[in-house]
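Coordinate analysis (summary)
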Amino acid sequence: MGTLSAQQPSLRLTAPARVVCGEEFKIQYVVNTSDAADLSEPKFPSAFNVLYGPSRSVMSSYQIINGKQSSSSSVTYTYLVSIEKAGTYTVPAATAKVKGKQIASNSMHITALPAEKESKAQPATPQTLSGKDLFIQVNANKAQVYEQEPVVLTYKVYTRVNLRQLGGKMPDLKGFLVQEVPVPQQKTFRVENYNGRNYQSALWSQYVMFPQQSGKLVIPSIKFEGLVEFPVANDDFFDNFFDGGGNYTQVKKVLNAPSVTINVKKLPLPKPQNFSGAVGRLDIAARVLNKDIKTNENLNFRVSISGVGNMKLIQAPKLNLSPDFDVYNPSVTNNTKLTAEGIKGSMVYDYIIIPKKEGDYEIPAIEFVYFDSESKTYVTKRTKAQNIHVAKGRELTLEEQSLGRQDIRDIHSRRIDLRDVGESTTSGNSVWGGYLIILLLGCGAFGFLLRRRRNGQNENIQMRKRANKTSQRYLKSARKQMKHGNKVLFYQEISNALRAYASNRLSIPMSEYTLERVCAVLSERSVPESLTDEFRNLVSLCEYIRYAPESVSRNAGEIYAEAEKLISNFEDVLK
Amino acid sequence: MRKVLFLVLIILSHHLCVANVDGLKERGDSLYRVGQFSEAISVYETLLKQKFHADVYYNLGNAYYREKDMAHALLNYERAYLLNPSNQDVRYNLSLVRNKTAGQVNRSSSFLKDWMHSVAYELNIQQWNMVAYGGLAVAIVAFLCFYFDDRVWLRKAAFGAVAVGLLIVLLGNVCREHQKYYICNRTDAIVMQTVEMKDSPEADARTIAVLHEGAKVRQKSLIKKPQMIKIALPDGKEGWIPSHAVEFI
């Protein structure tokens with residue numbers, strides 16, 4: 001046992017804070033080492049009736065955690081006591097000797113509640129369970145308040161039975177801003193005397209209510225549902241043996257918490273002009289957070305409002321700074337806690353101020369007017385005015401200047417025609433007029449183009465007529481020459497017929513007429529290559545024969561037919 | 001004789017009235033220039049009682065801004081923006097004042113709706129008309145090409161251009177009507193003084209939120225209640241506030 005018990009030897013007194021007269025309870029003195037000796041006999045008040053004691057019990061434990069050994073032991077001296085008369089008593093301290101040293105315990109107060117008048121009332125059964133055995137009390141800390149002044153509403157449950165569960169909900173309340181005070185989930189019950197009977201009581205829930213309007217505001221009765229457990233007396237030996245004798249039935253019980261009326265008064269008139277809307281006990285402070293203040297650099301200015309009141313409804317205080325400062329909306333930090341007194345803590349408003357010019361300035365005092373709920377008057381608190389010196393900081397870059405959004409843009413001073421304003425922007429007539437004009441222009445263009453195309457088509461037809469006419473004329477004269485056997489003239493007429501047809505049909509003036517030009521136009525108008533070649537061959541054949549008429553082996557009739565067929569083929573292709 | 005006199009009087013009075021309005025903007029502008037902002041405000045306000053124009057609202061907003069009345073400045077910039085959303089000065093000053101007033105609430109409407117709304121407000125009504133006219137002109141020219149030309153590629157392109165042109169006409173008209181709708185149905189309002197939003201119009205209603213001046217709200221239902229209107233915040237929260245606390249844009 002290498003470990004030393006590092007803890008100081010101590011002697012502790014434990015006893016219940018409240019007891020009922022005539023009921024026995026334990027008073028214990030606990031020493032936290034085992035080698036204690038000689039507890040001095042405490043001198044209990046005369047109303048204390050020591051039924052038994054002191055009994056000494058020694059307890060020791062020994063544990064190894066992560067290889068480390070530790071041990072602890074204690075000695076408990078227990079007295080079994082009952083008190084005969086109601087009242088408040090002091091349980092005296094005791095002393096003990098530990099390792100030769102004398103140590104003393106604490107002393108404590110104990111309240112003895114009077115015993116119940118109905119001597120030993122029957123414990124409630126599921127059949128007799130009544131509102132006297134289990135009920136809920138509501139308590140408002142003030143019956144009369146001003147608007148915005150918090151009221152604390154406390155729901156307390158009193159029970160003489162074994163209450164297992166309890167649930168109830170605060171309804172939505174009109175006229176109040178309601179906030180629930182967090183209370184521990186695990187309720188601690190303590191004895192309390194109510195109307196001559198002793199109950200186990202516990203704080204069930206607590207609300208802080210901020211009245212938002214004046215008048216008689218009613219908090220309605222709330223329905224709670226409880227589950228109560230009763231032991232069942234069972235005489236059957238075997239049942240008791242196997243179930244351990246602990247049989248219970250559970251009974252549901254509806255509890256109605258009474259309604260509460262709160263009289264809310266209007267804040268006294270006249271309200272000061274710059275009243276902030278805050279009600280409570282508050283204070284305001286302001287300070288500059290920066291050490292050096294320079295132009296175009298952030299100056300952090302902190303205003304905090306602290307105290308108790310309706311903190312959440314306070315507006316950010318306004319700073320009345322000279323136009324040489326740009327003030328941005330403050331960021332708000334909420335450092336408040338909901339307590340039974342109201343919302344307590346501080347609201348911190350951090351302003352970012354950007355000085356634009358160097359020099360000495362004063363940040364003026366901020367006035368904060370609130371309604372003091374204790375003195376029932378309007379109170380004005382002022383921060384101290386602060387003198388600051390703005391040193392020259394960096395220059396703004398051009399980009400920052402444009403981004404800085406220092407000022408609005410200038411007014412529009414162009415002349416406007418007000419006579420038809422209000423109609424032209426909203427009425428639809430002018431719009432459809434515009435469409436009509438565009439559509440009409442479109443129709444005009446359409447008509448014009450249509451006419452031009454039709455003319456073009458007519459021209460085409462006329463050209464074809466003329467081409468056929470002239471070529472036929474030449475062909476006719478060629479036939480005549482063929483009959484006469486005049487070969488040279490025959491070929492000339494065939495050549496003429498082809499030339500006349502091509503020049504008229506393809507609208508090539510005679511002056512520009514060449515065989516190459518004709519071929520080019522034909523290929524442009526997507527006439528098949530074979531047809532063009534045929535045409536070229538025939539024309540060159542005719543030319544050739546004109547100069548060497550004897551060398552032809554082919555029949556004149558064949559040539560004639562070929563020319564005629566060629567022309568009709570062209571007519572098929574050229575449309 | 002009497003009738004004629006009466007007619008002359010009517011014509012004269014009409015003429016006089018128009019003449020009055022005519023000079024007012026210039027007078028307001030010159031008062032503004034010399035720093036008489038509150039006088040400029042009253043001149044502009046008289047003018048706006050008879051005729052409304054984006055420029056006058058804009059100038060009035062500037063005058064209120066100089067008087068450090070941010071709520072009214074915001075209100076008038078919003079009106080100017082409604083009538084002429086494409087003006088860069090209006091946009092600039094509006095966003096500046098919006099940043100200066102408290103209570104910017106996040107919008108909760110859908111991205112697509114926001115986007116379409118901002119597209120429609122890129123141009124003003126006249127500009128959208130011009131866009132629609134341009135679209136129609138493109139469509140007609142393309143149709144003529146399609147109808148009269150023989151070249152296949154050109155006809156194909158022209159067919160597409162007709163469709164595009166007609167779509168542009170549709171776009172221009174939709175955007176213009178969108179803006180007109182908001183000009184004719186003014187449901188947006190600016191909170192002019194700090195006010196508590198309640199959950200019902202009754203006197204004993206619960207407070208849901210505190211609205212500060214400069215907050216933008218939208219009237220939700222047209223149910224007439226004495227001095228109370230139902231509104232929605234940009235984040236969708238709904239409630240009732242006294243009607244005297246807001247001014248419609």
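Above this text is the structure in question.
Residues numbered from 1 in each chain as written. Chains lettered and ligands numbered in written order. Predicted model: local features only at pLDDT ≥ 70, side-chain atom pairs only at ≥ 80, totals over all residues. Heavy atoms only, no water.

**Re the packing of aromatic side chains**
Per the stated rule, a full pass over the model turns up 29 aromatic pairs over all chains. An angle of 70 degrees between the planes, with centres 4.7 Å apart, marks the rings of Tyr146(A) and Phe371(A) as edge-to-face. Within this pair, whereas Tyr146(A) is found in strand 12 (residues 144-146), its partner Phe371(A) is found in strand 29 (residues 367-372), the two being separated by 225 residues in sequence. The burial state of Tyr146(A) is the same as that of Phe371(A); both residues are buried. The lysine or arginine in question, Arg409(A), covers the ring of Tyr92(B), its NZ or CZ lying 4.2 Å from the ring centre. (Phe/Tyr/Trp six-rings, centres within 6.5 Å; stacked < 30°, edge-to-face > 60°. Helix = DSSP H or I, 4+ residues; strand = E, 2+ residues; numbered from the N terminus. Buried < 20%, exposed > 50% of the residue type's maximum accessible area, 1.4 Å probe, protein only. Lys NZ or Arg CZ within 6 Å of the ring centre and 35° of its normal.)

**Section: the interface of chain B and chain A**
Each side of the interface is counted separately: chain B has 61 residues, and chain A has 46 residues. Summing the contributions of chain B and of chain A, the shared interface buries around 4700 Å²; its carbon and sulfur component is 55%. The largest contributions to the chain B side of the interface with chain A come from Tyr92(B), Tyr133(B) and Phe148(B), which together make up 14% of the buried area. If you look at where chain B meets chain A, you find two salt bridges. (Contact = heavy atoms within 4.5 Å. Buried area = accessible area lost by both parts, 1.4 Å probe. Salt bridge = Lys/Arg side-chain N within 4 Å of Asp/Glu carboxyl O.)

**Observations concerning the pattern of salt bridges**
Residue and element names in this part refer to chain A. This structure, assessed with the given rule, holds 20 salt bridges over all chains. Notably, a salt bridge pairs Asp 283 with Lys 381, separated by 3.8 Å at the nearest N-O pair. On the criterion of sequence distance, the pair formed by Asp 283 in strand 22 (residues 275-288) and Lys 381 in strand 30 (residues 377-382) is long-range, its members being 98 residues apart.

**As for the sheet that holds strand 9 (residues 101-104) of chain A**
The pairing of strands in a sheet comes from backbone hydrogen bonds and takes either a parallel or an antiparallel form. Residues and elements named next belong to chain A. Pairing is antiparallel in the open sheet, where three strands are placed in the order 4-8-9. The two strands at the open ends of the sheet, each matched to only one other strand, are strand 4 (36-37) and strand 9. Strand direction decides the pairing type here: strand 4 and strand 8 (residues 95-98), joined by two bridges, are antiparallel. Across the sheet, the residue bridging to Ala 37 is Lys 97, located in strand 8. (Pairing = 2+ DSSP bridges.)

**Describing a positive patch on the surface**
All names here are of chain A. The grouping of Lys 476, Arg 479, Lys 480 and Lys 483 at the surface amounts to a positive patch. Inspection of the secondary structure assignment puts Lys 480 in helix 3 (residues 429-484). A relative accessible area of 54% places Lys 480 in the exposed class. (Patch = residues over 30% accessible without salt bridge, like charges linked within 9 Å, V, L, I, M, F, W, Y side chains within 5 Å. Areas by Shrake-Rupley, 256 points an atom, 1.4 Å probe, with all protein chains shown as cover. Lys, Arg positive; Asp, Glu negative; His and termini not counted. Charge placed at Lys NZ, Arg CZ, Asp CG, Glu CD.)

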